[in-house]
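# Close look at the chain arrangement
Letter by letter, the chains look like this.
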Amino acid sequence: MFPLSRFLKKLHPLIHRIYLFLKPAYWRLRTPAQKKFDIKLQYIFIGCFIGVLLTALIIPAAHHLISYPTDETQAHFSDLITEEPLSPEKTADLKEISISDNLLLNEAESQIIPIALQLNKNETLSGLLTRANVNIADALAASESLTLITDLRKLRPGQSFELYFNEDNIFQGLKMEMRSGEVVSTFKNKNGDFIPQSKEGKIETRQISLEGVIQSSFAAAAKEAGVPNIITQQVIRALDGEINFRTDLKAGEPFKIIYEKKTTETGKEIGKSQLLYVSLTTNKDTYQRYYFVDGLGVQGFYNEYGESAPQTIMKRPLGRGRISSNFGTRIHPVLGYQIHHDGVDFPAPTGTPIPAAADGVIVRLGRNGGYGKYIKIKHNNTYSTAYGHMNAYNKELRVGSYVKRGETIGYVGSTGRSTGPHLHFEVIKNNKQVNPLKTYTLPKRTLKNRTLQAFKERALEINPEYIYPIKN
Ligand SMILES: [Zn+2]
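Here's what I pulled together on the structure shown here. (Residues numbered from 1 in each chain as written. Predicted model: local features only at pLDDT ≥ 70, side-chain atom pairs only at ≥ 80, totals over all residues.)

### Some remarks on the overall build of the protein chain
- Along its length, the protein chain carries 11 helices and 24 strands.
- A burial count over the protein chain gives 26% of its 472 residues as buried.
- Residue pairs at least 24 apart in sequence account for 59% of intrachain contacts in the protein chain once pairs closer than 6 positions are excluded. (Helix = DSSP H or I, 4+ residues; strand = E, 2+ residues; numbered from the N terminus. Buried ≥ 20, exposed ≤ 12 C-beta atoms within 10 Å, placed from the backbone. Contact = placed C-beta atoms within 7 Å.)

Next up, the structure:
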């Protein structure tokens, strides 16, 4: 044996065999049957080789076809994605593309700088944006606008985004290419609102103003004025605790409602309509409420002074139903010995919606031992509420989501240590459970300084008649 032959045999028997095929001496010594077998083996080798070669050629070609639309500007655009600021010529190209794409970039911007970023594991889009030093309000507004046209919960780690900043490093918008190949984007318009765009076209936001006079009930008058049911519910929720809609309203009193609705260019309504302003006169007073989202993304209704109403924590989130177990010491039905019951149990059929007992932010959402599926909402530095044994959560919520009083957070179930479907409800005051059936009031929130200034500007945008009143 030659040293080369020995070396190849050591390396791998198959490589050795290939080497032998190439030597005439090898063929001379083989019987016809062995030769037939060798030839078969040769075909297999050649087949595999061609297969590997084709795969190597086809995959990048196919990838190219799938990843990048054949549209020339798009292909050109993908070449421009870079972490580095672009040279002036490249910026000029990009602006052209942006215009041809019909994006609402601020015309005054002379230079738009894109950066490419990829989604990390367990990161949300707003998380990615804050990582890129986008301020929280813009990060939330941009992702919120995209939820109108795509399901952001389906984003996978590694998803790339192109973020655009102007020369002052102010975030202008973003583009992403989805796995389907569709490109969606959202860009700031002149008013600072993020306008999402998909293949269905731009999303238009329209403000609708309706007026009416109360005859019998508010709901009936609102319906007559053409107010959608969802907006009527938002009005009732915005004034909950301040107006008794059964006793405080009298016939002949006027009301005005302004709300916002979003439609595609083809006129298809998408997303949820949002109440922006309500003015309602009762036998006591005229109530005006403006919808405002502060710099941290907290939504709320405020009066003309920029004050939110004090809010009480709901005692019975499921309404006037039976109580199967009160707050305090009792014999536990499953464990069989005396323990302290940290909340109140409200039996209800599986699937009954559970509302948030007050405005707040979700600080915990997930399985929690005996509580089963569990949500905890923080209302302020003093108060939190907790909800146990849920069957399911509202799929749109996660830790960090803001919820409004009355908004559905999940559904009654019997998960965890539970004998049947019920809501286990806790009110937590300074980290200690207290009796939920007592009254707890969250103080009113007063907007100050820059937030108050932003509120005044927003109020004037919503209602051109807005004037900041002088307190007497
Ligand atoms: Zn309980």
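### A few points about the sheet that holds strand β19 (residues 392-393)
- Read across the sheet, three strands follow the order β15-β21-β19 without closing on themselves; strand pairing throughout is antiparallel. Each end of this open sheet is capped by a strand with a single partner; those strands are β15 (353-355) and β19.
- Inspection of the sheet shows β19 paired to strand β21 (residues 408-411) by two bridges, in the antiparallel sense. Bridged to Y393 within β21 is G410. (Pairing = 2+ DSSP bridges.)

### Regarding the nonpolar core
- By size, the foremost hydrophobic cluster in this structure holds 30 residues, and its most contacted members are I313, I354, I375, Y387, M390, I409 and L423.
- Elements with a contribution of two residues or more to this core: β14 (344-347), β16 (360-367), β17 (373-378), β18 (383-390), β21 and β22 (422-429).
- Not counting the four nearest positions on each side in its chain, I375 is found in contact with I362, R364, L365, Y387, M390, Y393, I409 and G410.
- Grouped together as the second largest cluster of nonpolar side chains are 25 residues, V227, I231, F292 and F301 included. (Core = buried A, V, L, I, M, F, W, Y, C linked by C-beta atoms within 7 Å.)

### Here's the deal with the pairing of β22
- Counting buried positions over the eight residues of β22 gives seven, a clear majority of the element.
- Note: β14 against β22, four bridges, orientation antiparallel. Looking across to β22, one finds that F346 is bridged to L423.
- In the sheet, β18 pairs with β22 via six bridges, with the strands oriented antiparallel. Bridge pairing in β22 places T385 opposite V427.
- Count of turn residues in the β22/strand β23 (residues 432-434) antiparallel hairpin: two residues, of which N430 carries a positive phi of about 45°.

### Points about the pairing of strand β7 (residues 254-264)
- For strand β6 (residues 201-213) and β7, the ladder comprises 11 bridges, and the chain directions are antiparallel. Opposite Q207, over in β7, you have E260 as the bridge partner.
- The pairing of β7 with strand β8 (residues 269-281) spans eight bridges and is antiparallel. Along β8, the bridge assignment pairs K262 with I270.
- As consecutive antiparallel partners, β7 and β8 are separated by four residues, and within that stretch G267 has a phi angle of approximately 90°, a positive value.

### A short note on unusual backbone geometry
- Backbone geometry at N169 places phi at a positive 70°, although glycine is not the residue there.
- Positionally, N169 belongs in the loop between β2 (160-166) and β3 (171-177).
- In the Ramachandran plot, H389 falls in the positive-phi region, its phi being about 65° despite a non-glycine side chain.
- Looking at where H389 falls in the secondary structure, it is placed in strand β18.
- With 25 C-beta atoms packed within 10 Å, H389 lands in the buried category.

Function-wise, these values are silent; they only describe arrangement.
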